[in-house]
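# Working through the structure, step by step
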Amino acid sequence: MAYSSRKVKIKTEMSERGERTRRLHFQMVRFMFEAATKLRLPSVPLATAVTIYHRFFRDYDITDFDTHMIATTAIYLAGKSEEQELRLTDVINVCHRILHPSEPPLDIGSTYTALRESVIQCELFLLRALGFQVSIDHPHKYLMHYLKSLYDWLDKDTVRKVSIAQTAWAMLRDSYHSDICLNYRPSLIAVAIIYLTLQCYGIEVPYNDEAENRWWEAFIENCKLRDVKKVAEDIMNVYDMETTAFTADI
């Protein structure tokens, strides 16, 4: 009995630690989103930055590193990877200002110099940790093409009245608060986002039941509905996480 109780306690502690880690990652991604907005970083470079962040912490323990430094460096590295010009000075100042809103802007002094050196060193470390593989295939291009095809199938009044595209793009952005981008191929994520969007608005693709291939099979050969639903469920879990990410103790 003592062994059984100890086993249950260990499982509970592991579950609680995993939940705290997920909440912290959620907060870090929100931090990156805010920095990207201030830096006017487009959606694809931002997605690259967040994916770099998630990839790193899939292999490394979050307690061993400064998560804000990793997030800041990921933004800077993603700018280079996506050929989006970002000045290191701007990245440092924006991220520091978000973390310390009551402090004056950084001057070129010892604090700035230390942060600059830390980001440069962290960038090299991240590149080595990721095997210098920072070119990423995102769901964005798939979602764009799939939405164009979807609009050809739907009634024109539905397309005009319902914000399908806006909702789908918002869901894709929100999905990066978790590591969904690492767990599924980008085309499947795009299909799941469309499926979830249609479900939210109660929209059916015309003649889908009578067609030889369902609409998701038209986008991905041999695509299974159960796989689409699994990704959609994970996306919905992101919204559940949002209710606790900034209220529970980390």
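Worth saying up front: this structure is predicted, and the values here are computed from it rather than measured.

### As for the overall build of the protein
Within the protein, the regular secondary structure consists of 12 helices and 0 strands. The N-to-C order of helical and strand elements in the protein reads α-α-α-α-α-α-α-α-α-α-α-α. The burial tally for the protein puts 43% of its 250 residues in the buried class. Sequence separation of 24 or more characterises 78% of the internal contacts of the protein that already satisfy a separation of 6 or more.

### Examining unusual backbone geometry
The phi dihedral of F132 falls on the positive side, at around 60°, and the residue is not glycine. Checked against the element boundaries, F132 lands in the loop between α5 (110-129) and α6 (140-153). Note on F132: relative accessible area 57%, which makes it exposed.

### Description of the confidence of the model for the protein
On average, the protein scores 87 in pLDDT, and the residues at 70 or more come to 89%. Segment residues 7-14 is flagged for pLDDT under 50; beyond a separation of four residues in sequence, or across chains, it makes 0 contacts in the model.

### Describing the layout of surface pockets
Gaps left between atoms show up when a probe the size of a water molecule is rolled over them. The space that makes up the largest pocket amounts to roughly 340 Å³. Together, 17 residues line the largest pocket, and R22, S178, D179, N183 and M241 are the ones closest to its centre.

### Points about the packing of helix α2 (residues 43-59) against helix α3 (residues 67-81)
Where α2 contacts α3, the axes come no closer than 8 Å and their chain directions differ by 135°. By the angle class used here, α2 and α3 are oblique. With respect to the hand of their crossing, α2 and α3 are arranged in right-handed fashion. Across the interface between the two elements, P45, T48, A49, I52, Y53, F56 and F57 from α2 touch T67, I70, A71, A74, I75, L77, A78 and S81 from α3. Among the residues forming the contact of α2 with α3, the class breakdown is 12 nonpolar, 3 polar and no charged.

### Focus: helix α10 (residues 186-201)
With 16 residues, α10 extends 23 Å from end C-alpha to end C-alpha; this agrees with the ideal 22 Å at 1.5 Å per step. Among the 16 residues of α10, 13 are classified as buried, and the element is accordingly described as predominantly covered. Looking one or two residues past α10, G202 carries a phi angle of roughly 65°, positive in sign.

### Here's the deal with the packing of aromatic side chains
Summed over the entire model, instances satisfying the criterion amount to 13 aromatic pairs. Residues F56 and F65 carry aromatic rings whose centres are separated by 5.0 Å and whose planes lie at 80° to one another, so their mutual orientation is edge-to-face. Residue F56 is classed as buried on the basis of its relative accessible area, which comes to 0%. The class for F65 is partly exposed, based on a relative accessible area of 27%. Look at Y142 and Y146: their rings are 6.3 Å apart centre to centre, the planes differ by 45°, and that puts the pair in the tilted class.

### Observations regarding the side chain of S187
Looking at where S187 falls in the secondary structure, it is placed in helix α10. Discounting residues that sit within four places of it in the chain, S187 has contacts with Y142, Y146 and I220.

### Details of the pattern of salt bridges
Opposite charge on two side chains allows them to pair when their charged atoms are near. All chains considered together, the criterion is met by 6 salt bridges. One salt bridge connects K80 with E123, and the closest N-O pair in it is separated by 2.9 Å. Here K80, found in helix α3, pairs with E123, found in helix α5; they are 43 residues apart in sequence, far enough to count as distant. Put simply, K141 and D137 hold a salt bridge, and the shortest N to O gap is 3.2 Å. Among the residues examined, D137 registers a relative accessible area of 39% and is labelled partly exposed.

### Focus: the side chain of S175
Turning to its location among the elements, S175 is positioned in helix α8 (residues 164-175). By relative accessible area, S175 is classed as buried at 4%. Other than its neighbours up to four places away in sequence, S175 contacts I180, I235 and V238.

Definitions and limits used
- Residues numbered from 1 in each chain as written.
- Predicted model: local features only at pLDDT ≥ 70, side-chain atom pairs only at ≥ 80, totals over all residues.
- Heavy atoms only, no water.
- Helix = DSSP H or I, 4+ residues; strand = E, 2+ residues; numbered from the N terminus.
- Buried < 20%, exposed > 50% of the residue type's maximum accessible area, 1.4 Å probe, protein only.
- Contact = heavy atoms within 4.5 Å.
- pLDDT = per-residue confidence, 0-100.
- 1 Å grid on protein atoms, 1.4 Å probe; cavity = no way out; pocket = protein on both sides within 12 Å on 5 of 7 lines; lining within 4 Å.
- Points joined across faces, edges and corners; volume = space filled by probe spheres on them.
- Axes fitted to C-alpha atoms, helices over the stretch in contact; angles between N-to-C directions.
- Parallel < 35°, antiparallel > 145°, perpendicular 65-115°, else oblique.
- Left-handed = near helix turned anticlockwise from the far one by under 90°.
- Nonpolar A, V, L, I, M, F, W, Y, C, P; charged D, E, K, R; others polar.
- Expected span 1.5 Å × (residues − 1).
- Phe/Tyr/Trp six-rings, centres within 6.5 Å; stacked < 30°, edge-to-face > 60°.
- Salt bridge = Lys/Arg side-chain N within 4 Å of Asp/Glu carboxyl O.

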